[in-house]
Amino acid sequence: MKIGVIAESFRKPFPQAIKEARALGADGVQAYAGRAFPFDAGKSKLSEIKKITEGEGLCFSAICGDFGCAMYYERDRSMIDREKRILEMAKELGTDVVTTHIGVVPENKDCVQYESMYAVCKELADFAKSLGGHFAVETGPEKASVLKSFLDELGSDGVAVNLDPANLVMCAGDDPVQAVYTLRDYIVHTHAKDGIQIKKVDTRALYAPQYYGLTPCSWDAIREVPLGKGGVDWNKYLDALREIGYDGYLTIERECGDEPAKDIGDAVRFLDSFGVRK
């Protein structure tokens, strides 16, 4: 496996973040469309971004095309077309993977929310497949078994999974080790993040309360923590990834904390202590 880092986790301009990622020993980076480069970036701008990254000996593990779940519940055509363009830009930057949150897949399939999410994800999955890429849904809002059932129904090689073990622990209250086996046929990218669930919540109230008629739930119900300090059993989790033959990126994501560079450096060393790059 390889170690990546989300460029925006450094909270610095993209060129500086890339230098720090290399200095800390990362193999690659993930970057947010709309932050590292504009949504309407042309070939010249993308070539510049790719040159900066490759100049530090890095490559893109994935691009994040995440700008809210409204497009999945409202079928917002402008947002769907923007996501398609991000899939194209990812290919130009040298990666096949675009990750995103899609909201919360309902367990009950007989509802307008499921119907809408299915229609949008099917279109994006088929478009990704036409490019030879992957539209990768991030885990956490629902249990892995529910997500797998949804992906199976889409029936497209263009849809995939970005497995975030912390989100499964913090939000869905699910076991990330078992999730590896459940979602094994779909995993193309992972986030290296840890966390704890402060109290059990209805994830619909976290991610998409307005679309389910719920009162919003405070994000204080979950807490991200440094790797090894939360509910992810890293020894078993990494063994599971090895067992299914996953050889992609463990991309470090640090969304809080006062010293992100220190936390990221600690995370690189933490992952290396398990021999993930051997």
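None of these values were measured; they are calculated from a predicted model. (Residues numbered from 1 in each chain as written. Predicted model: local features only at pLDDT ≥ 70, side-chain atom pairs only at ≥ 80, totals over all residues. Heavy atoms only, no water.)

K.L.:
Help me understand the nonpolar core in this model?
P.N.:
Generally speaking, nonpolar side chains in soluble globular proteins are found buried as a group. In this structure, Phe37 and Tyr72 are the most contacted members of the largest nonpolar core, which totals 94 residues. Element by element, the count of residues in this core is highest for helix α5 (residues 112-131), at eight residues. (Core = buried A, V, L, I, M, F, W, Y, C linked by side-chain atoms within 4.5 Å. Buried < 20%, exposed > 50% of the residue type's maximum accessible area, 1.4 Å probe, protein only. Helix = DSSP H or I, 4+ residues; strand = E, 2+ residues; numbered from the N terminus.)

K.L.:
Sorry, what's going on with the UniProt feature "domain: Xylose isomerase-like TIM barrel" (unreviewed entry) in the protein here?
P.N.:
As recorded in UniProt, the feature "domain: Xylose isomerase-like TIM barrel" (unreviewed entry) lies at residues 19-273. Across residues 19-273, helical content stands at 46% and strand content at 17%; the span's end C-alpha atoms are separated by 23 Å. (UniProt positions renumbered as here; feature names shortened; annotations may be inferred.)

K.L.:
Help me understand the layout of surface pockets in this model?
P.N.:
A water-sized probe, rolled over the atoms, reveals where empty space remains. Put simply, the largest pocket is a space of about 580 Å³. Lining the largest pocket are 28 residues, and of these His101, Asn167, Lys193, Glu253 and Glu255 sit closest to its centre. Breaking the lining of the largest pocket down by element, the ones donating at least two residues are β2 (28-32), α7 (165-172) and β9 (222-225). Size it by volume and the second largest pocket reaches roughly 350 Å³. (1 Å grid on protein atoms, 1.4 Å probe; cavity = no way out; pocket = protein on both sides within 12 Å on 5 of 7 lines; lining within 4 Å. Points joined across faces, edges and corners; volume = space filled by probe spheres on them.)

K.L.:
Just to check I follow, could you spell out the pattern of salt bridges for this structure?
P.N.:
Opposite charge on two side chains permits them to pair, given that their charged atoms come into close proximity. Inspection of the entire model under this criterion finds 25 salt bridges. Close ionic contact of Asp27 with Arg277 constitutes a salt bridge, the shortest N to O distance being 3.0 Å. One end of the pair, Asp27, is in the loop between α1 (14-23) and β2; the other, Arg277, is in the segment after α12 (260-272), with 250 residues separating them in the sequence. We classify Asp27 as partly exposed; its relative accessible area is 22%. With relative accessibility at 30%, the residue Arg277 sits in the partly exposed group. Put simply, Glu123 and Arg77 hold a salt bridge, and the shortest N to O gap is 2.7 Å. On the criterion of sequence distance, the pair formed by Glu123 in helix α5 and Arg77 in helix α4 (residues 77-93) is long-range, its members being 46 residues apart. Using a relative accessible area of 24% as the deciding quantity, one classes Glu123 as partly exposed. Taken together, the salt bridges that share partners define one network made up of Lys43, Arg85, Glu88 and Glu92. (Salt bridge = Lys/Arg side-chain N within 4 Å of Asp/Glu carboxyl O.)

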